[in-house]
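If you want the building blocks of each chain, they are given just below.
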Amino acid sequence: MFRDEDGFTTVGVALALLITLSLVFTSAQVYRVSSASADVQDVADAVALAAENEVAEFMIVVRVCDAVVLSLSLTSAVATGLGVAALCTPATAAASEVLLDAARKVVQARDSFADKAVAGLNRLQKALPFLATANAASVASANDGGAMGASYLGLAVLVPADGEELSLGTVEGAEDLVGEAEREAGDIKRAAAEAEEAAQEANACKERAFRRDCGDAPGYCMYERASTLAGLAGADNPRYASVDAWSFSVALDRARAYYARRLASEEPEGASVEDRARSALRQRFYAYASDEVGRGYVHESAESFDALFPHLPKNTAEMRETTLYTEAVYPTTSDGAGQTVAHAWPGCPEAAGAAGAMSIAQMEAEGCPACPACGFTAASMGKVAAASTSIENGFEYHYEAVAQAADDYRKARAELDPLAAEVKGRAGGLLDGCLDVLRRAADMRIDAAPPGRFGAVAFAANANAAAASTGFASGFVREAGELGARAAVSAATLLAEPSDEGKNVVSSLLDGLRERGGAATGALGVVLDCWSGLLGAYLEGQEAVQGAVERAVDALPFASASGLGSWAAGAFEKVAGALGLEPAKLDALKPVLVNSAHAAAADDASFTARFLAVKAQAVAHPLASTDLFSSVVTAAEAAAVEGIAGLDGTIEIASVRLFGDGGPAIPITIALPQAARDAAADFASGVADGVRSVYAQVTGVRAWE
C-alpha cells in the first residue's frame with residue numbers, strides 16, 4: 001500500500017503530505033502560543049520605560065526652574081550695571097532710578113521664585129511614584145486586545161521611592177550692590193551733569209577750531225590759505241571731513257609747514273626799495289613765526305589735554321611784546337646831523353658802510369629818525385602781520401582763531417577731566433561689583449536627586465486566559481487546554497545621551513516663558529527684554545549673556561558730549577564679557593532597559609531589599625514557592641500609595657513676578673486630572689490587586705532572567 005518497485009504509491013504520498021501539514025500547523029501553533037506568552041515581557045519592558053520617563057520629565061522641569069533662577073540672578077546684576085551706566089549721562093540719568101529699582105525687584109523675584117520652586121519641586125517629587133504608576137498602568141492597558149484578546153495590568157515602583165529634599169544656595173551681595181549704587185547715584189549724577197556741560201563747551205571750542213583749520217574749506221581757512229598762499233599740499237596740508245577725526249595737532253603742524261615754506265620762498269613783490277624792505281621784514285616775521293609755532297605742542301589723551309599755540313602779533317603794540325622788538329639785527333648808520341639811523345635790511349641803499357646794529361626797541365628809545373630810503377620804523381614791522389591777521393583772507397587770521405579756541409578748549413578740559421575722572425572712579429567701582437555678583441550667580445542653582453533616579457522596577461500581567469487555538473483554529477491540531485494568565489518583571493533606568501534633544505526641549509519651554517513674559521516700555525521694557533535674552537544663557541552660556549547685554553546697551557541713548565555714557569556702556573560690556581559663563585550640561589535623559597537586579601541593587605530601601613531577596617530565591621528555586629511574586633507587588637503598592645498622600649490636582653511649581661505684585665506673573669505648573677487625584681490611592685491598590693489575582697492563577701513561577 002505504501003510503496004512498490006517503481007516508487008511511492010498514492011497512499012504513501014497522501015500520508016506523507018498529511019503528516020507534513022500536521023507538523024507545520026502544530027509548529028505554528030506552538031510558535032503562536034510562545035509568542036503570546038512572551039508578549040507580557042514586552043509589555044513589562046514598556047511599563048518600566050513609561051515609569052522612568054516620568055522621572056526624565058521631572059528633570060526637565062528642574063532644569064527649567066534652574067534656568068529661571070540663573071537668568072533672574074543674571075538679570076538683576078545686568079539691570080544694576082545698566083542703572084550705574086545710566087547715571088553717567090544726563091540723557092539716561094532719569095532711567096537709572098527705574099533700572100536700579102527694577103534690579104532690586106528682580107533680586108526679590110528671584111529669591112521668591114527660588115523658594116517656591118524648591119517647595120513645588122519637592123511636592124512634585126512626592127507625586128512621582130503615583131505618576132509613574134499611572135503612566136505604567138496606562139501603557140499596559142494600551143496593549144490590550146490583539147489576536148489573543150490580551151488584558152494587561154501594569155505596576156511600577158521607582159528606585160529609590162523617595163527623593164532627596166531639594167535645597168538652594170544663597171547669593172549675597174546683589175541687593176547690597178543696588179543699595180550702594182543708589183547711595184552713589186546723587187554724586188555720580190551731579191558730576192556727570194557738570195562734566196556734560198563742560199564737555200559741550202569743550203566740543204564747541206574744538207568744532208570752532210576745526211572749522212577755522214580746514215572744516216570751512218573750500219572757503220577761507222588755514223587749509224585753503226596754506227594751499228593758495230604757500231602752495232602746500234599732501235601730508236603738509238591735510239584736509240579732514242569730520243571733527244571726530246581731527247585734532248589740534250593737525251592745525252599746529254600745518255602752521256609749522258606754512259611758515260617754513262613762506263620763509264624759504266619769500267621774495268620782493270617788486271624792484272623798489274619799499275618792496276624789498278617789506279619783503280625783508282616779512283622774511284624776519286616768518287622766521288620769528290616759524291620759531292614760535294615750533295615751540296608749540298599738543299598733548300592730548302582721553303583723560304587730559306594740554307596745548308600751546310603761540311599767539312603772533314597783529315599790530316605794533318603786540319609786536320613790542322615779542323623778540324621782533326628786542327632783537328638787534330637792523331643795520332645802523334649816522335646821518336648828516338650825527339643821528340643814528342636804522343635800516344630795514346642790509347640791502348637798503350642808505351645802509352652802505354653800516355657800523356653796527358640795533359633793535360626796534362633801541363631805535364624808539366633813542367628817537368632815531370626814519371631812513372629816507374626804506375622808511376623803516378617800528379610801525380613798519382607792526383604792519384607786516386596786521387593786515388593778514390585782521391581780515392579773513394590772511395593765514396594769521398585763521399591761525400589766531402585756532403590758537404584762541406585751543407586756549408578755550410584747554411580751560412574747558414581742565415574743568416571736564418577731573419569731573420570725568422570722578423564719574424569713572426565711582427561708577428567703575430560699582431561696575432566691578434556687578435562682575436562679582438554675576439560670578440556669584442552660579443551659587444544659587446537647583447539640582448535634584450528625585451525618586452527613580454536609579455531606575456524603576458515594573459510588573460506586568462495578562463489577566464485574560466484564552467484557548468490555545470484562539471484566532472488560529474485548525475483541524476490538524478486538537479483543541480485542548482488554554483493559554484493561562486502570564487506575568488513578567490522588567491526594569492529601566494535613565495541614560496544621559498549627548499545630543500541636542502535635551503537642549504531643544506528646554507529651549508522650547510523657555511521660549512514659552514519669553515512669550516508669556518508680557519510687554520513693557522522704557523527702562524522696564526529693557527529689563528524685560530534682557531531677562532528674555534538671559535534665559536538663553538542656560539543653553540548658550542557666555543554668548544547669550546554678551547548678546548543680551550549688547551542689546552540692552554543699544555536700547556539706551558548713552559551717546560553724550562562728555563563721552564561718559566559711551567565709556568560706561570563699554571565698561572559694562574567688558575564686565576559682562578569677563579564673566580565666561582559656561583552653558584548647562586543638557587544631555588538628553590532617556591529611559592533604557594536594564595537588568596532589574598542592577599536597578600534594585602542601587603538602593604537599600606525595604607522594597608528593593610525584599611525584591612532582591614525574592615528574585616534570588618526565585619532564581620535558585622523557581623518552583624519552590626507560590627507567594628514570592630505577590631509579596632513584591634504588595635511592597636510596590638505600599639510605595640506608590642505613600643507617594644500619593646497629599647497630592648493636589650494641580651501642582652504649581654512657582655510663579656515668576658519680575659517687578660513685584662504689579663508686574664506680569666508667569667506660572668510654572670503641572671496639572672493632573674481631577675479623576676486621577678480623587679481615585680489615586682484606589683487606582684494604585686486596584687492595579688496591585690489585579691496583578692496579585694493574576695499571579696494566583698499561575699500554576700508555577702516563571703524563572704526571572
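What comes next is a walk through the structure. (Residues numbered from 1 in each chain as written. Predicted model: local features only at pLDDT ≥ 70, side-chain atom pairs only at ≥ 80, totals over all residues. Heavy atoms only, no water.)

1. Concerning the overall build of the protein
Here is step 1 of the chain: Along its length, the protein carries 22 helices and 15 strands.
Here is step 2 of the chain: Once local pairs closer than 6 in sequence are excluded, the contacts in the protein between residues at least 24 apart make up 78%.
Here is step 3 of the chain: When the accessible surface of the protein is summed, it comes to about 31000 Å², and 52% of that surface belongs to carbon and sulfur atoms. (Helix = DSSP H or I, 4+ residues; strand = E, 2+ residues; numbered from the N terminus. Contact = heavy atoms within 4.5 Å. Areas by Shrake-Rupley, 256 points an atom, 1.4 Å probe, with all protein chains shown as cover.)

2. Some points on the sheet that holds strand E12 (residues 486-497)
Here is step 1 of the chain: With respect to topology, four strands assemble into an open sheet ordered E3-E9-E12-E13, the strand pairing being antiparallel. Here the strands that pair on one side only, and so sit at the sheet edges, are strand E3 (152-159) and strand E13 (588-593). Going across the sheet, the axis of each strand differs from the next one's by a mean of 25 degrees, ignoring polarity.
Here is step 2 of the chain: Pairing geometry for E12 and E13, over six bridges, is antiparallel. The residue of E13 that forms the bridge with Thr493 is Val592. (Pairing = 2+ DSSP bridges. Axes fitted to C-alpha atoms, helices over the stretch in contact; angles between N-to-C directions.)

3. Some words on the state of the cysteines
Here is step 1 of the chain: Using the criterion set out here, one finds zero disulfides in the structure.
Here is step 2 of the chain: In this structure Cys374 is not part of a disulfide, and its nearest cysteine sulfur, from Cys371, lies 3.6 Å away.
Here is step 3 of the chain: Since its relative accessible area comes to 10%, Cys374 is described here as buried. (Disulfide = S-S within 2.5 Å. Buried < 20%, exposed > 50% of the residue type's maximum accessible area, 1.4 Å probe, protein only.)

4. Focus: the pattern of salt bridges
Here is step 1 of the chain: All chains considered together, the criterion is met by 27 salt bridges.
Here is step 2 of the chain: Here Arg110 ties to Asp111 by a salt bridge, and the two come within 2.9 Å at their closest N and O atoms.
Here is step 3 of the chain: Taking the relative accessible area as the measure of exposure, Asp111 reaches 27% and is therefore partly exposed.
Here is step 4 of the chain: In this structure, a network of salt bridges that share partners links the residues Glu184, Asp187, Arg190, Glu194, Glu422 and Arg426. (Salt bridge = Lys/Arg side-chain N within 4 Å of Asp/Glu carboxyl O.)

5. What to know about the packing of aromatic side chains
Here is step 1 of the chain: Tallying each qualifying case throughout the model produces 13 aromatic pairs.
Here is step 2 of the chain: On the basis of an interplanar angle of 40 degrees and a centroid distance of 6.3 Å, the ring pair of Phe309 and Tyr399 is categorised as tilted. Placement of Phe309 in the loop between strand E5 (305-308) and helix H7 (316-319) and of Tyr399 in helix H12 (residues 395-440) is noted, with a sequence separation of 90 residues between them.
Here is step 3 of the chain: On the accessibility criterion, Phe309 (1% relative accessible area) is buried. (Phe/Tyr/Trp six-rings, centres within 6.5 Å; stacked < 30°, edge-to-face > 60°.)

6. As for the packing of helix H3 (residues 174-215) against H12
Geometry of a packed helix pair, given as the angle between the helix axes and the separation of the axes.
Here is step 1 of the chain: Relative orientation of the contacting elements H3 and H12 amounts to 160 degrees, with a least axis distance of 7 Å. Considering their axes alone, H3 and H12 lie roughly antiparallel with respect to each other. Seen along the crossing, H3 lies across H12 with a hand that is left-handed.
Here is step 2 of the chain: Partitioning the contact of H3 with H12 into residue classes produces 26 nonpolar, two polar and 14 charged. (Parallel < 35°, antiparallel > 145°, perpendicular 65-115°, else oblique. Left-handed = near helix turned anticlockwise from the far one by under 90°. Nonpolar A, V, L, I, M, F, W, Y, C, P; charged D, E, K, R; others polar.)

7. Topic: a nonpolar patch on the surface
Here is step 1 of the chain: A contiguous nonpolar surface patch, about 380 Å² in accessible area, is contributed by Leu15, Leu18, Ile19 and Leu23.
Here is step 2 of the chain: Its location among the elements puts Leu18 in helix H1 (residues 10-86).
Here is step 3 of the chain: A relative accessible area of 48% places Leu18 in the partly exposed class. (Patch = residues over 30% accessible without salt bridge, like charges linked within 9 Å, V, L, I, M, F, W, Y side chains within 5 Å.)

8. What about the nonpolar core?
Here is step 1 of the chain: If you look at the biggest cluster of nonpolar residues, it comprises 120 residues, and the most contacted ones within it are Leu74, Leu82, Phe113, Ile446 and Val545.
Here is step 2 of the chain: Broken down by element, this core gets its largest block of residues, 27 residues, from H1.
Here is step 3 of the chain: Other than its neighbours up to four places away in sequence, Val545 contacts Leu74, Leu534, Ala537, Ala576, Leu579 and Leu581.
Here is step 4 of the chain: Among the nonpolar cores identified, the runner-up in size contains 62 residues, and Cys205, Ala255, Cys368 and Cys371 belong to it. (Core = buried A, V, L, I, M, F, W, Y, C linked by side-chain atoms within 4.5 Å.)

9. Considering the pairing of strand E6 (residues 330-334)
Here is step 1 of the chain: Among the five residues that make up E6, four are buried, leaving the element largely enclosed by the rest of the structure.
Here is step 2 of the chain: Where E6 meets strand E8 (residues 356-358), three bridges bridge the pair, whose relative direction is antiparallel. In the strand pairing of E8, Tyr330 is matched with Met358.
Here is step 3 of the chain: Where E6 and strand E7 (residues 340-342) come together, three bridges link them in antiparallel fashion. Within E7, the residue paired with Thr332 across the bridge is Ala342.
Here is step 4 of the chain: Hairpin connection of E6 to E7: five residues between the antiparallel strands, including Gly338 at a positive phi of 85 degrees.

10. Structural notes on helix H2 (residues 90-142)
Here is step 1 of the chain: With 53 residues, H2 extends just 68 Å between its outermost C-alpha atoms, more than 12% less than the 78 Å of an ideal straight helix rising 1.5 Å per residue.
Here is step 2 of the chain: A maximum bend of about 45 degrees is found in H2 at Ala127, where proline Pro129 lies one to four positions downstream. (Expected span 1.5 Å × (residues − 1). Bend = angle between axes of the 7 residues up to and from the residue.)

11. Some words on the pairing of strand E9 (residues 455-462)
Here is step 1 of the chain: For E9, the tally of buried residues reaches eight of eight residues, placing the bulk of the element in the interior.
Here is step 2 of the chain: Side chains of E9 alternate between two faces, with Gly455, Val457, Phe459 and Ala461 and Ala456, Ala458, Ala460 and Asn462 buried alike.
Here is step 3 of the chain: Pairing between E3 and E9: eight bridges, direction antiparallel. Each residue of the ladder has a partner; that of Tyr152, found in E9, is Asn462.
Here is step 4 of the chain: With seven bridges joining them, E9 and E12 adopt antiparallel strand pairing. Looking at E12, one finds that Val457 is bridged to Ala491.

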